[in-house]
Amino acid sequence: MSSPIITLADRVINIKPSPTLAVNAKAKALKAAGEDILNFSVGEPDFDTPPHVCEAGKKAIDEGFTRYTAVPGMPELREAICQRLQKDKGLSYTMDEIQVACGGKHGLYNMFQAVINPGDEVLIPTPYWVSYPPMVQLAGGTPVLVPLLEQDNFDLNPDILHKYATNKTRAIIINSPSNPTGSVFSVEALQAIGKMALENGWLIITDDIYDTITYMDTKLPHILEVDDKLKEQTLILNGVSKSFAMTGWRIGWTAGPKHIITAMNKIQGQSTSNPTSISQKAALAAVTGPQDFPKTMQKAFLPRRDFFVEDLRSITGVSCVNPKGAFYVFPNFSTFFGKTFNGKAINNSVDLADYFLDEAKVASVPGAAFGADDFVRFSFATSMEIIKDGMSRIKKALSNLEG
Ligand SMILES: *Cc1c(COP(=O)(O)O)cnc(C)c1O
């Protein structure tokens with residue numbers, strides 16, 4: 001093939017497309033072609049957006065709320081977000097310390113663009129959410145992957161964290177509950193992060209997108225409970241995508257120090273201008289209305305999680321940490337690596353996820369996408385019936401492996 005006339009920017013060449021969206025697209029295409037695919041690759045709730053939220057969106061259209069809004073989002077919505085942060089977390093923010101963006105992902109993107117310089121290192125606990133490393137790279141920074149161990153239930157081990165910190169460390173990401181592991185950082189881990197952040201002037205980015213979907217008897221620990229002083233160097237990321245089943249509406253937000261939010265607004269003002277006006281009205285209804293919806297989802301997810309984890313653990317050679325939040329299980333299948341099917345070797349998580357898709361018609365996401373090749377991620381934001389069917393297909397596929 002001759003080389004194209006127009007070459008691409010250096011910044012995009014090393015960036016991989018989102019692997020989770022890619023698997024989902026492949027599964028959807030197979031399904032559309034008539035294949036009986038069970039899809040566990042999806043990173044979104046299987047619930048519809050609550051009716052009162054949809055109504056608010058429709059009303060926004062009917063009332064002509066269809067023009068540009070303020071760059072950081074409409075004041076009413078930012079005010080409502082401040083009130084939620086106060087009520088839910090006891091945190092005081094003012095409107096100019098909030099930016100609403102086109103989804104949580106976009107909020108993260110704006111943050112990295114606003115604070116990262118070339119050469120800056122960002123500590124990313126691993127397994128990580130797929131978008132963190134490329135977003136850091138797109139801002140010119142260097143992702144530094146800090147391993148979380150399965151034997152620690154994917155909690156952060158402070159001794160390991162110390163080994164990865166350097167004088168170039170600029171920021172650390174917390175995602176608790178985590179996508180893909182469902183794990184929650186312990187108070188001890190958060191204290192260690194807080195201490196190092198205070199000593200070294202690190203920015204803490206806490207991605208709280210799953211904070212309303214937890215399965216714990218105790219309160220979810222939060223980094224800002226560790227020390228009041230941390231608020232000056234912490235950005236909180238949240239949104240309605242997961243908590244109100246609003247992934248397609250594209251609304252997320254950041255709360256943090258005013259000078260960083262102002263810088264993020266400069267970037268947003270020169271890129272998307274503002275998140276969709278209609279979606280902002282819908283998000284306002286979600287944030288100000290009844291807060292029982294996430295609880296309803298959590299109640300539906302709990303028995304699915306319990307079944308999934310137990311059934312996975314019943315397979316010889318599989319281990320699975322019990323997720324404390326979110327809606328994913330992240331089992332370790334590494335004892336199956338090296339086995340073969342029809343003479344073809346399964347050597348890693350990508351091979352295994354392909355095998356599950358081709359032979360079991362089960363779509364999952366290989367752990368390699370999250371920097372953890374021993375694992376495969378399954379979402380349990382799907383019906384119990386599909387989970388049961390999927391598990392029996394997986395067990396059969398695994399038992400068909402040779403070697
Ligand atoms: C889903 C998700 C987000 C935000 O997603 P948006 O759809 O952009 O709001 C952020 N972080 C993690 C870990 C997620 O799983």
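Scroll up to find the structure this text is about.
Residues numbered from 1 in each chain as written. Predicted model: local features only at pLDDT ≥ 70, side-chain atom pairs only at ≥ 80, totals over all residues. Heavy atoms only, no water.

A. Region of the structure containing the environment of Leu91. With respect to the helices and strands, Leu91 occurs in the loop between helix H4 (75-89) and strand S2 (98-101). Under the relative-accessibility criterion, Leu91 is labelled buried at 10%. On a C-alpha basis, the gap between Leu91 and Asp228 in space is 9.8 Å, while along the polypeptide they are 137 residues apart. Apart from residues lying up to four places away in sequence, Leu91 is in contact with Cys82, Leu85, Gln86, Leu224 and Ile236. (Helix = DSSP H or I, 4+ residues; strand = E, 2+ residues; numbered from the N terminus. Buried < 20%, exposed > 50% of the residue type's maximum accessible area, 1.4 Å probe, protein only. Contact = heavy atoms within 4.5 Å.)

B. Expanded view of the pattern of salt bridges. Counted by the stated rule, this structure contains 17 salt bridges. What you see here is one network of salt bridges that share partners, running through Asp36, Asp389 and Arg393. (Salt bridge = Lys/Arg side-chain N within 4 Å of Asp/Glu carboxyl O.)

C. The arrangement of the packing of aromatic side chains in detail. Counting across every chain of the model gives 23 aromatic pairs. Relative to Phe380, the ring of Phe301 lies with its centre 6.2 Å away and its plane at 80°, an arrangement referred to as edge-to-face. Remark: Phe380 occurs in the loop between strand S14 (376-379) and helix H13 (384-399) and Phe301 occurs in helix H11 (residues 293-313); sequence separation between them is 79 residues. Here Phe301 matches Phe380 in class, with each residue buried. Measuring from ring centre to ring centre gives 4.9 Å for Phe327 and Tyr328, while their planes differ by 50°; the resulting arrangement is tilted. Residue Phe327 shares its accessibility class with Tyr328, and that shared class is buried. Chaining the aromatic ring pairs together yields one cluster made of Phe47, Tyr210, Tyr215, Phe244, Phe293, Phe301, Phe327, Tyr328 and Phe380. One cation-aromatic arrangement involves Lys231 over Tyr93; the distance from NZ or CZ to the ring centre is 4.3 Å. It is Lys388 that lies over the ring of Phe307; its NZ or CZ is 5.4 Å from the centre. (Phe/Tyr/Trp six-rings, centres within 6.5 Å; stacked < 30°, edge-to-face > 60°. Lys NZ or Arg CZ within 6 Å of the ring centre and 35° of its normal.)

D. Region of the structure containing the sheet that holds strand S6 (residues 203-207). With respect to topology, seven strands assemble into an open sheet ordered S2-S8-S7-S6-S5-S3-S4, the strand pairing being mixed. Each of the sheet's edge strands pairs with one partner strand only, and the pair in question is S2 and strand S4 (142-147). Between one strand axis and the next, the sheet turns through 20° on average, direction left out of account. Pairing of strand S5 (residues 169-175) with S6, which is carried by five bridges, proceeds in the parallel orientation. Counterpart to Ile172 in the pairing with S6 is Ile204. (Pairing = 2+ DSSP bridges. Axes fitted to C-alpha atoms, helices over the stretch in contact; angles between N-to-C directions.)

E. Broad picture of the sheet that holds S14. Taken together, the three strands give an open sheet; going across it, the order is S9-S14-S13, and neighbouring strands pair in antiparallel fashion. The sheet terminates laterally at strand S9 (328-329) and strand S13 (365-366), the two strands that pair on one side only. Bridge count for S13 against S14 is two bridges, and the pairing is antiparallel. In the sheet register, Pro366 faces S14, and the bridge partner there is Val376.

F. Up close: unusual backbone geometry. For the bond running from Thr126 to Pro127, omega is 10°, close enough to zero to count as cis. Of note in this structure, Lys361 is not a glycine but carries a positive phi near 55°. Among the secondary structure elements, Lys361 is positioned in the loop between helix H12 (349-360) and strand S12 (362-363).

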